[in-house]
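Each chain, written out:
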Amino acid sequence: MDVSEFRRRGKEAVDAIADYYESMADAAPLPTVEPGYLYKLVPREAPEEPEPFDDIIKDMETKIMPGVTHWQSGNFFGWYPCNSSFPGILGEMYSAMFNVVGFSWLSCPAATELETVVMDWLGRLLGLDSRFLSIKEDGTEGRGGGVIQGSASEAHVVAIIAAREMALARLRAQGVRDADQMGAKMVAYFSDQTHSSGEKAAAIVGCKTRAVASDSAFRLTKEALAAAVEEDRRAGLIPFFVCGTFGTTNTAAIDDLPGIADVAGAEQLWFHVDAAYAGAALACPEFRPLARGVERADSFNFNAHKWMLTNFDCSAMWVADSTHMVNALSIHREYLPRTKGSTTFTKDYRDWQVPLGRRFRALKLWFVLRTYGAAGIRAHIRRHVEWAKWLEAQLLADGRFEMVTPVVFGLAVFRIRPAALPAPTEDAANRANAELARRINADRRVFLLGTKLRGMDVLRPAIGSSHGTKANVELLLAVILEFASAVVADCARGE
Ligand SMILES: *Cc1c(COP(=O)(O)O)cnc(C)c1O
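Cut-offs used in this document
- Residues numbered from 1 in each chain as written.
- Predicted model: local features only at pLDDT ≥ 70, side-chain atom pairs only at ≥ 80, totals over all residues.
- Heavy atoms only, no water.
- Helix = DSSP H or I, 4+ residues; strand = E, 2+ residues; numbered from the N terminus.
- Rg over C-alpha atoms; globule rule 2.2 N^0.38 Å.
- Buried < 20%, exposed > 50% of the residue type's maximum accessible area, 1.4 Å probe, protein only.
- Contact = heavy atoms within 4.5 Å.
- Lys, Arg positive; Asp, Glu negative; His and termini not counted.
- Charge placed at Lys NZ, Arg CZ, Asp CG, Glu CD.
- Pairing = 2+ DSSP bridges.
- Axes fitted to C-alpha atoms, helices over the stretch in contact; angles between N-to-C directions.
- Parallel < 35°, antiparallel > 145°, perpendicular 65-115°, else oblique.
- Left-handed = near helix turned anticlockwise from the far one by under 90°.
- Nonpolar A, V, L, I, M, F, W, Y, C, P; charged D, E, K, R; others polar.
- Phe/Tyr/Trp six-rings, centres within 6.5 Å; stacked < 30°, edge-to-face > 60°.
- Lys NZ or Arg CZ within 6 Å of the ring centre and 35° of its normal.
- Near = heavy atom within 4 Å.
- Polar contact = N/O pair within 3.5 Å; in protein donor to acceptor, adjacent residues only side chain to side chain.
- Areas by Shrake-Rupley, 256 points an atom, 1.4 Å probe, with all protein chains shown as cover.
- Core = buried A, V, L, I, M, F, W, Y, C linked by side-chain atoms within 4.5 Å.
- Patch = residues over 30% accessible without salt bridge, like charges linked within 9 Å, V, L, I, M, F, W, Y side chains within 5 Å.
- Salt bridge = Lys/Arg side-chain N within 4 Å of Asp/Glu carboxyl O.

A. Examining the overall build of the protein chain more closely. In terms of helices and strands, the protein chain carries 13 helices and 11 strands. Expected size for 495 residues packed as a compact globule is a radius of gyration near 23 Å; at 24 Å, the protein chain falls within 12% of this value. C-alpha atoms of the protein chain, sized along the principal axes, occupy 75 × 65 × 50 Å. Counting every position in the protein chain, which comprises 495 residues, the buried fraction comes to 50%. Taking all contacts inside the protein chain whose residues are at least 6 apart in sequence as the whole, residues at least 24 apart take part in 72%. Separation between the mean location of the 55 positive side-chain charges and that of the 61 negative ones in the protein chain comes to 3 Å.

Laid out in structure tokens, this is it:
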């Protein structure tokens, strides 16, 4: 493809993308294909001879499109949102234009410095403590700073590696022999509601894990954590890391972050806050009281690609002190000269992440923050919270439903109440709610997740699509009510 064909194809692509988004307002979110569908439609080998681009685009429309899950549909309420926006897409395009591998300052000064700048912008937008910023209000360089990871899972790995380094440095300083062999005794603490990426990160790092039981509101409490740590210390283990979650994946619960900070401080644990989904809400000051305790964390992470209009992938992570992380992750080779000079603007971001190479992700974030402004981002968040609260009010007013947890952000966790069923038992309620989720998704107008919470079947639509409107949430409610009536009627008939 030469540059003149690229000009033409590129313009066609932008039109196709615009058409796609215009069709997303009420698109069916789930495809209907069966596993293995694509294998039957494509050749076994890559072509020997070049193929015309028209053929490729035609195949994309006829073979790929039918197998796409439309996360950008206004009727997609599954998992958590994965926001997209036009400035975000354009940022991705320009990033593809440069196609740099910005692992050090010299490998792309603009990518490195813009990341430092926009992560400070974003930290201020969320009201994060100045410990997490690269440049403080008075212009001095801090020990902390932000980095864009590809995912919250990678942030979890980096946080645990930094935590281990901090613990090992302390053991060595105490003169403990064989400190480096202590990995197998080290324990990372999570709750039974922590995202799976915590346990996976611990498995990668090779430490023990302990999932502390959460309370009746699905929160990790100070008391439960302190008891677990004490028990493990008595057993000769080495507690070194704890993850608190601001907005869990199941229910958007908020752990007792100040209490966890107390235990982490007393026990010298690294305190990581996973705010992958709900962190975006901190752009709105009214949510900040819920995040008390974050100012005492060692690291904090949220996904701008979930609920802040920035195309996947953009996982924003801050550390209050980068020393241990950089010590653990910097490995010297002659072909990777370390950048000398001011540490703030010449960060070698390869020492802040697992891979060496890294994408120029700061560009799309910069586009998004400037195009929407803080005001636009707050309006985006508040709109979804308002719709989620509206949905909650409608479900409660109906009388047949109960909220399993109250709506705080854009997630509504509810179920048909046992008392609304002819045989009002927990078993009957579980069957009815599982069936309700199944029928809603089989209908295909909207998509949501049915999940199990402590053995209870619940539904958890997440509202937060970039392109959705209130009309999509009204449809969601109509579909829920329609199938709830059918399910309850079938229960009455003993089906
Ligand atoms: C979505 C989510 C994650 C995982 O995010 P990735 O970026 O896909 O790794 C982690 N933690 C919480 C609380 C989440 O909701």
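B. View of the sheet that holds strand E4 (residues 238-245). If you walk across this open sheet you meet the 7 strands as E1-E7-E6-E5-E4-E2-E3, and the pairing is mixed. Each end of this open sheet is capped by a strand with a single partner; those strands are strand E1 (145-149) and strand E3 (208-212). When strand polarity is set aside, the average angle formed by the axes of neighbouring strands in this sheet is 20°. Judged from the 5 bridges that link them, strand E6 (residues 299-303) and strand E7 (residues 315-319) form a sheet pairing that is antiparallel. Paired with Ser 299 across the bridge in E7 is Val 319.

C. Expanded view of the packing of helix H5 (residues 152-173) against helix H6 (residues 196-205). Where H5 contacts H6, the two axes come as close as 9 Å, and the packing angle between them is 50°. The orientation of H5 relative to H6 falls into the category oblique. For the element pair H5 and H6, the recorded crossing hand is right-handed. Across from Ser 153, His 156, Val 157, Ile 160, Ile 161 and Arg 164 in H5, the residues of H6 making contact are Ser 197, Gly 198, Ala 201, Ala 202, Ile 204 and Val 205. By residue class, the composition of the contact of H5 with H6 is 7 nonpolar, 4 polar and 1 charged.

D. Highlighting the packing of helix H3 (residues 86-98) against helix H11 (residues 362-398). Taken N-terminus to C-terminus, the directions of H3 and H11 make an angle of 150°; their axes are 8 Å apart at the nearest point. Considering the angle they form, H3 stands roughly antiparallel to H11. Helix-helix and strand crossings are classified by hand; for H3 and H11 the assignment is right-handed. Of the residues in H11, those touching H3 at Pro 87, Gly 88, Leu 90, Gly 91, Glu 92, Tyr 94, Ser 95 and Phe 98 are Leu 363, Lys 364, Phe 367, Val 368, Thr 371 and Tyr 372. Residue composition of the contact of H3 with H11, by class: 8 nonpolar, 4 polar and 2 charged.

E. Seen up close, the pairing of E6. Counting buried residues along E6, 5 of its 5 residues qualify, which places the element largely inside the surrounding structure. Of the two faces of E6, the one lined by Ser 299, Asn 301 and Asn 303 and the one lined by Phe 300 and Phe 302 are each fully buried. Bridging between strand E5 (residues 270-274) and E6 involves 3 bridges; their strand directions are parallel. Paired with Val 273 across the strands is Phe 300, a residue of E6.

F. Local environment of the packing of aromatic side chains. All told, the structure shown has 21 aromatic pairs when counted by the stated rule. Taken together, a centroid distance of 5.0 Å and an interplanar angle of 10° make the contact between Tyr 277 and Trp 307 stacked. Separated by 30 residues along the polypeptide, Tyr 277 in the loop between E5 and E6 and Trp 307 in helix H9 (residues 304-307) bring together distant segments of the chain. Of the two residues, Tyr 277 and Trp 307, both sit in the buried class. Taken together, the aromatic side chains of Tyr 80, Phe 246, Tyr 277, Phe 287, Trp 307 and Phe 409 make up a single cluster linked through ring pairs. When the ring centre of Tyr 39 is taken as origin, the NZ or CZ atom of Arg 44, which lies over that ring, is 3.8 Å away.

G. Broad picture of the site of the ligand. Around the ligand sit 13 residues, and of these Ala 152, Ser 153, Asp 274, Asn 303 and Lys 306 come closest. Here an oxygen atom of the ligand and a backbone polar atom of Ala 152 are 2.7 Å apart. Starting from 390 Å² of accessible surface for the ligand in isolation, the protein chains cover 86%. Counting only elements with at least two residues in the shell around the ligand, the list comes to H5 and H9. Grouping the constituent residues of the shell around the ligand by class yields 3 nonpolar, 8 polar and 2 charged.

H. Representation of the environment of Gln 353 in the model. Tracing the backbone shows Gln 353 in the loop between helix H10 (323-329) and H11. Counting along the chain gives 148 residues from Gln 353 to Val 205, while the straight-line C-alpha distance between them is 14 Å. Excluding residues that lie within four positions of it along the chain, Gln 353 makes contacts with Gln 149, Val 158, Leu 329 and Arg 358. Within the structure, the side chain of Gln 353 is placed 3.1 Å from the side chain of Arg 358, a separation counted as a polar contact.

I. Representation of the nonpolar core. With 70 residues, the main nonpolar core has Leu 122, Phe 246, Phe 300, Phe 302, Met 308, Trp 318 and Phe 409 as its most contacted residues. Dropping the residues within four chain positions of it, Trp 318 is found in contact with Met 119, Leu 122, Gly 123, Leu 126, Leu 128, Phe 132, Gly 145, Gly 146, Asp 298, Ser 299, Phe 300 and Phe 302. Counting 33 residues, the second largest nonpolar core, distinct from the first, contains Ile 160, Ile 161, Ala 202 and Met 317.

J. Structural detail: a nonpolar patch on the surface. On the surface, a nonpolar cluster with roughly 580 Å² of combined accessible area is contributed by Val 14, Leu 90, Met 93, Tyr 94, Met 97 and Phe 98. No other element matches H3, which puts 5 residues into the nonpolar patch. Along the chain, Tyr 94 turns up in helix H3. Judged by its relative accessible area of 40%, Tyr 94 is partly exposed.

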